[in-house]
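# Remarks on the overall topology
Chain residues, written in single-letter form:
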Amino acid sequence: MPKKYRNFSPEFREEAARMVIETSRAIADVARELGISETSLGNWVRAVPGKHAEDEPPLQVSERAGSGNWSG
């Protein structure tokens, strides 16, 4: 049975994204703690105004998305 989509308020999304940005915690850790998907949280982090990719530290191995079956 497919999962039902969950709707999150803009406030929740922003707060979750800020948990990653302001504490430099891994997206995977914060997503697990909040019970949301890493993909969703990653999208929310990228959508935070004023945060630019060049300001972000390189991804750690544990933060990289995917299952190791990447074929690109």
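Just above sits the structure.
Definitions and cut-offs
- Residues numbered from 1 in each chain as written.
- Predicted model: local features only at pLDDT ≥ 70, side-chain atom pairs only at ≥ 80, totals over all residues.
- Heavy atoms only, no water.
- Helix = DSSP H or I, 4+ residues; strand = E, 2+ residues; numbered from the N terminus.
- Buried < 20%, exposed > 50% of the residue type's maximum accessible area, 1.4 Å probe, protein only.
- Contact = heavy atoms within 4.5 Å.
- Salt bridge = Lys/Arg side-chain N within 4 Å of Asp/Glu carboxyl O.
- Phe/Tyr/Trp six-rings, centres within 6.5 Å; stacked < 30°, edge-to-face > 60°.

### Some thoughts on the overall build of the protein chain
- When helices and strands are counted, the protein chain shows three helices and zero strands.
- Mapped from its N terminus to its C terminus, the protein chain presents α and β elements in the order α-α-α.
- Within the span of the protein chain, comprising 72 residues, buried residues form 21% of the whole.
- The contacts of the protein chain with a sequence gap of at least 6 include a subset with a gap of at least 24, amounting to 52%.

### Topic: unusual backbone geometry
- With a phi close to 55°, Ser24 is a non-glycine residue in the positive phi region.
- As for its position among the elements, Ser24 is in the loop between helix H1 (10-23) and helix H2 (27-34).
- Ser24 gets classed as exposed once you look at its relative accessible area, which sits at 60%.

### Some remarks on the pattern of salt bridges
- A full pass over the atoms with the stated rule returns four salt bridges.
- For Glu14, the salt bridge is made with Arg18, and the minimal N-O distance between the two is 3.1 Å. With a gap of four residues between them, Glu14 and Arg18 both fall in helix H1, about one helical turn apart.
- For Glu14, a relative accessible area of 40% translates into the label partly exposed.
- Under the relative-accessibility criterion, Arg18 is labelled partly exposed at 27%.
- Between Arg25 and Glu33 there is a salt bridge, with its nearest N and O atoms 2.6 Å apart.
- A residue is classified by how much of its surface remains accessible, and Glu33, at 49% relative accessible area, is partly exposed.
- The network of salt bridges with common partners includes Glu14, Arg18 and Glu22.

### Looking at the packing of aromatic side chains
- In total, this model carries three aromatic pairs according to the counting rule given.
- Seen from their ring centres, Phe8 and Phe12 are 5.1 Å apart, and the 20° between their planes marks the pair as stacked.
- In this structure Phe12 comes out as partly exposed when scored by relative accessible area, which is 28%.
- Geometrically, the ring pair formed by Phe8 and Trp44 is edge-to-face, given 5.4 Å between the ring centres and 70° between the ring planes. On the criterion of sequence distance, the pair formed by Phe8 in the segment before H1 and Trp44 in helix H3 (residues 38-47) is long-range, its members being 36 residues apart.

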